[in-house]
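Residues per chain, in single letters:
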Amino acid sequence: GGVVGLGALIKVQPGLLVVWALLTGRVRAAVTASAVVIAACVVTLPVVGVAAWRDYVTLLGRVSQPIATPHNFTPGAVLFQAGIPADAATVVQWAVVALALAVVVLAVVRQDRIGPVPGYLVAVVASQLISPLLWDHYAVILLAPVAWLLQRGVRWAMLLPLATAVPFVGSIPDIVYPLSFIVVIVVVLWSGRAGRDSR
């Protein structure tokens, strides 16, 4: 819960994990995350003032354009940068966001079948997919689910962080980045289900 709270302060998307914690009955983790955020706001308010928090909200408003932001690797932005009209790219972007949220709900509802760890990993990866910004270095978040997949014998999963590694930025097709996130979610769900069945 503390780590989720700190993550939400640094980058808003981990806040989705508070919702995941509540939906999976981890109330203490959700309360802890919320307490960390509230405490940070209260402690910093006398130092930075109300204007800093207004600036923060303004900044969030500026970085909420998933299609037209340059060097962005959201599915919609990649399609837009490849020449797809903005309206079509926006539809794809919102479809991916909706599907990512639906998969998190599925992981919560089917937690008894897939287990808590795969559900958590799905929520972590989905929190990045729903973001209006997906920079290339965000692929580092894939290391946790890939490590879990490797532990379960899914050896080809090691190709995902390799394909999104910094030395390859600009030399691989941009679509590889959002596809890596989508593939990880699907494979983690499937492996979690298969693992539960085998036990």
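Computed from a prediction, not measured in an experiment: that's the story for all the values here.

Definitions and cut-offs
Residues numbered from 1 in each chain as written. Predicted model: local features only at pLDDT ≥ 70, side-chain atom pairs only at ≥ 80, totals over all residues. Heavy atoms only, no water. Patch = residues over 30% accessible without salt bridge, like charges linked within 9 Å, V, L, I, M, F, W, Y side chains within 5 Å. Areas by Shrake-Rupley, 256 points an atom, 1.4 Å probe, with all protein chains shown as cover. Salt bridge = Lys/Arg side-chain N within 4 Å of Asp/Glu carboxyl O. Helix = DSSP H or I, 4+ residues; strand = E, 2+ residues; numbered from the N terminus. Buried < 20%, exposed > 50% of the residue type's maximum accessible area, 1.4 Å probe, protein only. Axes fitted to C-alpha atoms, helices over the stretch in contact; angles between N-to-C directions. Parallel < 35°, antiparallel > 145°, perpendicular 65-115°, else oblique. Left-handed = near helix turned anticlockwise from the far one by under 90°. Contact = heavy atoms within 4.5 Å. Nonpolar A, V, L, I, M, F, W, Y, C, P; charged D, E, K, R; others polar. Arc of directions from axis to C-beta.

*Asks:* Would you mind going over a nonpolar patch on the surface in detail, with residue names and values included?
*Replies:* A cluster of nonpolar side chains, contributed by W156, M158, L159 and L162, occupies part of the molecular surface with about 410 Å² of accessible area. Mapped onto the secondary structure, L162 falls in helix α9 (residues 159-163). With relative accessibility at 48%, the residue L162 sits in the partly exposed group.

*Asks:* I'd like a description of the packing of helix α2 (residues 16-23) against helix α5 (residues 86-109), backed by residues and values.
*Replies:* Orientation of α2 relative to α5, taken along the N-to-C sense of each, is 30°, at an axis distance of 10 Å. As judged from the angle between their axes, α2 and α5 are roughly parallel. As α2 packs across α5, the resulting crossing turns out to be right-handed. Seen from α2, the contacting residues are L16, W20 and L23; seen from α5, they are L101, V104 and V108. By residue class, the composition of the contact of α2 with α5 is 6 nonpolar, no polar and no charged.

*Asks:* Any chance you could break down helix α1 (residues 2-10) for me, citing the residues and the numbers?
*Replies:* When we look at burial in α1, the residues that qualify are V4, G5, G7 and A8. Along the axis of α1, the buried positions cluster into a sector of 160°, meaning they face one direction only. Within α1, the exposed residues directed more than 90 degrees away from the buried face are V3 and I10. The secondary structure elements touched by the buried residues of α1 are α2 and α3 (27-62).

*Asks:* Go over the environment of G115 with me, naming the residues and quoting the values.
*Replies:* Structurally, G115 can be placed in the loop between α6 (111-114) and α7 (116-129). Sequence separation of G115 and R26 is 89 residues, and the distance between their C-alpha atoms is 14 Å.

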